[in-house]
Number of protein chains: 2
Amino acid sequence: MKQKLKDLNKAFENKLRLGIMSALMVNDHLDFNSLKDLLGATDGNLASHLKTLEKEAYVSYSKEFLERKPNTKYSVTPAGRQAFLKHLKAIENLLK
Amino acid sequence: MKQKLKDLNKAFENKLRLGIMSALMVNDHLDFNSLKDLLGATDGNLASHLKTLEKEAYVSYSKEFLERKPNTKYSVTPAGRQAFLKHLKAIENLLK
């Protein structure tokens with residue numbers, strides 16, 4: 001049981017971060033506003049949790065210009081995908 | 001997606017609380033020290049998270065005397081069982 005708890009990833013405890021990861025697992029990339037709408041989050045809250053996931057290198061972003069306006073696209077990194085699947089598996093294992 | 005996030009239960013975000021609930025789902029009841037050993041938690045941390053779950057009426061306890069020493073047994077309540085299963089289901093649904 002101790003080991004199973006250790007397999008849970010603190011980066012994904014937070015509800016919104018679970019949501020961001022899930023959204024990026026099933027979409028190649030999403031821009032800030034799409035993520036915001038999808039998750040029903042505020043700007044500040046979303047930005048702060050994206051930053052946490054970037055620091056862990058679980059999420060990366062690229063900037064491009066769309067009709068002269070900057071547009072930031074977020075994606076999950078391979079490390080993020082692996083870590084997130086491990087976390088979900090750990091939750092599933094808790095009851096076993 | 002917003003609805004799916006709403007189905008996640010804040011009471012179970014914390015890792016140790018996930019562990020307490022899981023342990024009590026698969027054991028009829030556990031006393032404080034068994035929970036502590038099982039989860040590798042400190043006294044203070046375990047007591048504080050048990051209290052949070054008691055306030056939500058997800059965990060209940062009964063005191064008895066064992067060789068003249070007080071012994072507190074914790075169990076999951078029917079409401080706790082239902083709420084926890086709903087939370088796990090919500091996590092599972094996030095990726096769908």
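Everything here concerns the structure above.
What you see is a predicted model; the values in this text were computed from it and never measured.

Residues and elements named next belong to chain B. Phi is positive for Ala57, which is not a glycine, with a value near 60°. Relative to the elements of secondary structure, Ala57 occurs in the loop between helix 4 (43–55) and strand 2 (59–66). The phi torsion at Glu67 lies on the positive side, around 45°, for a residue other than glycine. Mapping Glu67 onto the fold places it in the loop between strand 2 and strand 3 (69–76). A residue is classified by how many C-beta atoms lie within 10 Å of it, and Glu67, with 5 of them, is exposed.

All names here are of chain A. For helix 2 (residues 15–26), with 12 residues, the first-to-last C-alpha span of 17 Å sits near the 16 Å given by 1.5 Å per residue. Most of helix 2 is tucked away: nine of the 12 residues are buried. Among the residues of helix 2, those classed as buried are Leu16, Arg17, Leu18, Gly19, Ile20, Met21, Ser22, Ala23 and Leu24.

For the rest of this paragraph, the subject is the sheet that holds strand 3 (residues 69–76) of chain A. Residue and element names in this part refer to chain A. Overall, antiparallel pairing links the three strands, which are arranged 1-3-2 in an open sheet. Looking at the sheet topology across the chains shown, the edges are occupied by strand 1 (30–31) and strand 2 (59–66). Relative to strand 3, strand 2 runs antiparallel, the two sharing eight bridges. Its bridge partner being in strand 3, Glu64 is matched across the sheet by Asn71. Running at roughly 90° to strand 3, helix 2 makes contact with strand 1, strand 2 and strand 3 of the sheet.

It is worth spelling out the pairing of strand 3 of chain A at this point. All names here are of chain A. Pairing analysis gives two bridges linking strand 1 to strand 3, with the strands arranged antiparallel. Looking across to strand 3, one finds that Asp31 is bridged to Lys73. Connecting the antiparallel pair strand 2 and strand 3 is a turn made up of two residues, with Glu67 showing a positive phi of about 50°.

Okay, the relation of the copies chain B and chain A next. Expressed as a screw operation, the relation of chain B to chain A combines 0.0 Å of axial shift with a rotation of 180°, fitting to an RMSD of 0.0 Å. With respect to symmetry, the two chain copies, as superposed, fit the operation of a two-fold axis. Relative to the rotation axis, the closest C-alpha in chain B is found at Glu13 of chain B, a distance of 2.7 Å. By residue overlap, the copies meet face to face through one surface: 100% of the interface positions of chain B are interface positions in chain A.

On to the packing of helix 2 of chain A against helix 4 (residues 43–55) of chain A, then. Residues and elements named next belong to chain A. Running from amino to carboxyl end, helix 2 crosses helix 4 at an angle of 70°, the nearest separation of the two axes being 10 Å. Our classification of the angle between helix 2 and helix 4 gives roughly perpendicular. Along the contact surface, helix 2 presents Leu16, Arg17 and Ile20, while helix 4 presents Asn45, His49, Leu50, Thr52 and Leu53. The residue inventory of the contact of helix 2 with helix 4, partitioned by class, reads four nonpolar, three polar and one charged.

The rules we used
- Residues numbered from 1 in each chain as written.
- Chains lettered and ligands numbered in written order.
- Predicted model: local features only at pLDDT ≥ 70, side-chain atom pairs only at ≥ 80, totals over all residues.
- Helix = DSSP H or I, 4+ residues; strand = E, 2+ residues; numbered from the N terminus.
- Buried ≥ 20, exposed ≤ 12 C-beta atoms within 10 Å, placed from the backbone.
- Expected span 1.5 Å × (residues − 1).
- Pairing = 2+ DSSP bridges.
- Contact = placed C-beta atoms within 7 Å.
- Axes fitted to C-alpha atoms, helices over the stretch in contact; angles between N-to-C directions.
- Least-squares fit on C-alpha atoms with pLDDT ≥ 70 in both.
- Parallel < 35°, antiparallel > 145°, perpendicular 65-115°, else oblique.
- Nonpolar A, V, L, I, M, F, W, Y, C, P; charged D, E, K, R; others polar.

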